[in-house]
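Take a look at the letters that make up each chain.
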Amino acid sequence: MHEKSPPESRLAEAAAQLARACYVAVLTGAGVSAESGVPTFRDALTGLWATFDPRELATPSAFARNPKLVWDWYAERRAQVATVAPNAAHRALVDIEARVPRFLLATQNVDGLHRRAGSRALVELHGNIARVKCSACMCIAARWDEAEDALPPRCARCAAFLRPDVVWFEELLPAGALAAAEDAARECDVLLVVGTSAEVYPAAALPDTARAAGACVIEINSATTPLTARADFALRGRAGDVLPALVHAAWPAASALLSP
Ligand code: BV8
Ligand code: ZN
């Protein structure tokens with residue numbers, strides 16, 4: 001662990017690590033989308049769901065107990081995500097992907113904003129809220145009728161309830177996405193961990209996997225997390241400010257060309 005030095009010099013040191021990295025991996029959480037207006041998981045739920053803890057709503061048992069309540073929570077979030085746009089943090093990650101030889105972005109977010117920003121080497125560890133699947137035969141629904149007001153819409157093939165194609169608590173992550181993220185954590189030179197409370201597993205284990213394999217772990221967060229003490233660099237601030245500053249410090253000449 002490096003001795004503590006003033007924050008701005010830590011950014012310069014972190015940028016130097018990023019500039020010489022051959023393989024950059026990134027793990028993002030809800031904090032990356034906060035400046036786009038997407039509430040984070042720790043933001044208190046509002047409206048109908050204000051009395052719930054998202055960790056109790058995002059579970060198979062909550063859906064089994066009250067399918068319409070859970071369906072409506074996701075329908076509202078889906079509608080909200082459709083109105084927002086990627087922010088400077090998402091764009092800075094697209095910029096890094098274009099500048100380094102190898103790159104993988106593993107996101108815990110289900111809002112689809114990384115892909116909309118232009119990220120390509122991307123795995124969605126917890127699914128995508130815009131996709132809807134059958135809760136029984138798992139086929140993806142291309143369309144559905146919201147007409148039913150007491151129950152979620154039903155699968156055209158087997159008539160079981162439809163559900164969001166996201167990973168709920170106590171559900172396994174998509175095997176391919178998790179394996180790709182774990183491989184990247186083991187092989188990368190630098191792991192950027194941006195806007196995550198680093199408490200939800202197995203995603204939260206990726207920084208430890210990277211550290212154990214000798215990677216430099218750079219945390220970017222507006223607050224302290226359980227990872228902060230274990231990171232090589234903990235850059236405190238909003239992702240929309242710190243990530244562009246990190247890119248500018250790592251590749252000053254190129255950024256000068258880009259900036260107006
Ligand atoms: C699994 C999709 C095997 C849904 C999500 C007991 C029983 C059962 C399981 C467990 C158990 N104990 C532990 C577990 C495992 C469990 C887990 O880790 N639980 C935690 C609570 C301890 N994990 C699972 O269940 C996983 N599956 O383990 O399967 C299994 C099978 C059966 C039984 C046992 C195990 C599945 C986990 C995936 C759950 N699905 N999302 C949906 O979105 O609705 S998780 C969801 O919460 C998010 O995707 C995200 O991953 C997580 C929240 O984390 P963050 O993204 O970090 O967001 P958060 O709001 O917490 O933090 C925001 C951060 O940003 C903060 O640090 C903040 O400071 C910062 N920030 C804010 N603004 C900014 C900012 N930073 C920078 N700039 C800003 N502007
Ligand atoms: Zn079905």
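Each chain carries its own residue numbering, running from 1 in the written order of its sequence. For this description, chains carry letters from A and ligands carry numbers from 1, given in the order in which they are written. Restriction of local features to residues with pLDDT of at least 70 applies here, the model being predicted, together with a cutoff of 80 or more for giving and counting side-chain atom pairs; totals for whole chains, interfaces and linings are based on all residues. Side-chain figures throughout are based on the complete set of non-hydrogen atoms in the structure, without hydrogens or water.

### Description of the confidence of the model for the protein chain
Predictor confidence is given residue by residue as pLDDT, running from a minimum of 0 to a maximum of 100. In this model, the protein chain carries an average pLDDT of 93, and 93% of its residues clear a pLDDT of 70 or more. Here helix α10 (residues 252-258) is the element of the protein chain with the lowest mean pLDDT, 65, and strand β1 (residues 23-28) is the one with the highest, 99. Secondary structure elements follow DSSP: runs of H or I of four or more residues count as helices, runs of E of two or more count as strands, with numbering from the N terminus.

### Some remarks on helix α7 (residues 175-187)
Expected span of a helix: the number of residues minus one, times 1.5 Å. For α7, built from 13 residues, the straight-helix expectation of 18 Å at 1.5 Å per residue is met to within 8% by its first-to-last C-alpha distance of 18 Å. Within α7 the residues assigned to the buried category are Ala-177, Leu-178, Ala-181, Ala-184 and Ala-185. Seen along its axis, α7 keeps its buried residues to an arc of 125 degrees; they face one direction. Summarising the geometry of α7, the exposed residues directed more than 90 degrees from the buried face are Ala-175 and Gly-176. Buried-residue contacts for α7 involve β1, β2 (102-107), β3 (122-124) and α8 (206-212). The rule is simple: take the accessible area with a 1.4 Å probe, protein chains only, and divide by the maximum for that residue type; under 20% is buried, over 50% is exposed, in between is partly exposed. Taking the helix axis as origin, the arc is that swept by the directions to the C-beta atoms. Any two residues having at least one pair of non-hydrogen atoms within 4.5 Å are treated as being in contact.

### What about helix α9 (residues 239-250)?
Owing to its 3.6 residues per turn, the α-helix brings residues three or four apart onto one side. The end-to-end C-alpha separation of α9 is 16 Å, in line with the 16 Å expected for 12 residues at 1.5 Å each. Every buried residue belonging to α9 is among Ala-239, Gly-240, Val-242, Leu-243, Leu-246, Val-247 and Ala-250, and all of these are buried.

### Here we look at the site of ligand 1
Here a residue is considered near a molecule or strand provided that any single heavy atom belonging to it is located within 4 Å of it. Around ligand 1 lies a shell of 36 residues, among which Tyr-74, Val-167, Ser-197, Tyr-201 and Asn-221 are the nearest. Here a polar contact means two N or O atoms within 3.5 Å. Within protein one must be a hydrogen donor candidate and the other an acceptor candidate, and residues neighboring in sequence count only if both atoms are side-chain atoms. The contact in question runs from an oxygen atom of ligand 1 to an N or O atom on the side chain of Arg-77, over 2.8 Å. Within the side chain of Ser-197, one N or O atom sits 2.7 Å away from an oxygen atom of ligand 1. Each accessible area value is a Shrake-Rupley result obtained with a 1.4 Å probe; residue values ignore everything except the protein chains displayed when judging cover. When isolated, ligand 1 has an accessible area of 1500 Å², and the protein chains bury 76% of it. Residues are sorted three ways: Asp, Glu, Lys and Arg are charged, Ala, Val, Leu, Ile, Met, Phe, Trp, Tyr, Cys and Pro are nonpolar, and all the rest, Gly among them, are polar. Here the residues of the shell around ligand 1 sort into 16 nonpolar, 12 polar and eight charged.

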